[in-house]
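Chain by chain, the residues run as shown.
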Amino acid sequence: MDEAKVKKHREKTKKAVLKQLIKLGGTATLADLHDFSEKKYFVAHRAFSSLMEEYVEENLLLWDATTGIATITDAGRSFVKG
């Protein structure tokens, strides 16, 4: 497996999911984001969970487990632009 290709794909997916979140008005359910990443970038299940954890750790989105809603942060918007 080419680690550089994997890393490049992950970064592309990371930005694309955040762009989709913006397109959806800044908030979306985890199911909607999972469906998008799986259908468009073939990132699902464990890889998607890892990606979500990364978003939260990097303050790119906020995750409310009680409502199941992800909300993009200003840092997430900046990440998409940069």
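Notes on the structure follow. (Residues numbered from 1 in each chain as written. Predicted model: local features only at pLDDT ≥ 70, side-chain atom pairs only at ≥ 80, totals over all residues. Heavy atoms only, no water.)

**Concerning a positive patch on the surface**
Together, K8, K12, K23 and K40 give the surface a local cluster of positive charge. Ranked by residue count, the leading element in the positive patch is helix α1 (residues 3–23), at three residues. By the secondary structure assignment, K40 is in helix α2 (residues 30–41). Relative accessible area serves as the criterion here: at 52%, K40 is assigned to the exposed category. (Patch = residues over 30% accessible without salt bridge, like charges linked within 9 Å, V, L, I, M, F, W, Y side chains within 5 Å. Areas by Shrake-Rupley, 256 points an atom, 1.4 Å probe, with all protein chains shown as cover. Salt bridge = Lys/Arg side-chain N within 4 Å of Asp/Glu carboxyl O. Lys, Arg positive; Asp, Glu negative; His and termini not counted. Charge placed at Lys NZ, Arg CZ, Asp CG, Glu CD. Helix = DSSP H or I, 4+ residues; strand = E, 2+ residues; numbered from the N terminus. Buried < 20%, exposed > 50% of the residue type's maximum accessible area, 1.4 Å probe, protein only.)

**Remarks on the sheet that holds strand β1 (residues 27–29)**
One open sheet holds the three strands; their spatial order is β1-β3-β2, and the pairing between them is antiparallel. At either margin of the open sheet sits one strand with a lone partner, and together these are β1 and β2 (61–64). Taken over all neighbouring pairs, the strand axes of this sheet differ in orientation by 25° on average, direction set aside. Judged from the four bridges that link them, β2 and strand β3 (residues 69–72) form a sheet pairing that is antiparallel. The residue of β3 that forms the bridge with W63 is A70. Seen against the sheet, α1 touches β1, β2 and β3 and runs at an angle of roughly 95° to β3. (Pairing = 2+ DSSP bridges. Axes fitted to C-alpha atoms, helices over the stretch in contact; angles between N-to-C directions. Contact = heavy atoms within 4.5 Å.)

**Re the side chain of T73**
Position of T73 among the secondary structure elements: in the loop between β3 and α4 (74–81). One polar contact links the side chain of T73 to the main-chain carbonyl oxygen of N59, over a distance of 2.5 Å. Those residues in contact with T73 that lie beyond four places of it in its chain are N59, L60, L61 and L62. (Polar contact = N/O pair within 3.5 Å; in protein donor to acceptor, adjacent residues only side chain to side chain.)

**Re the nonpolar core**
If you look at the biggest cluster of nonpolar residues, it comprises 18 residues, and the most contacted ones within it are L18, L21, L33, M52, Y55 and L61. Elements supplying a minimum of two residues to this core: α1, α2, α3 (45–57) and β3. Apart from residues no more than four positions distant in its own chain, Y55 is found in contact with T13, K14, V17, L18, L60 and L61. (Core = buried A, V, L, I, M, F, W, Y, C linked by side-chain atoms within 4.5 Å.)

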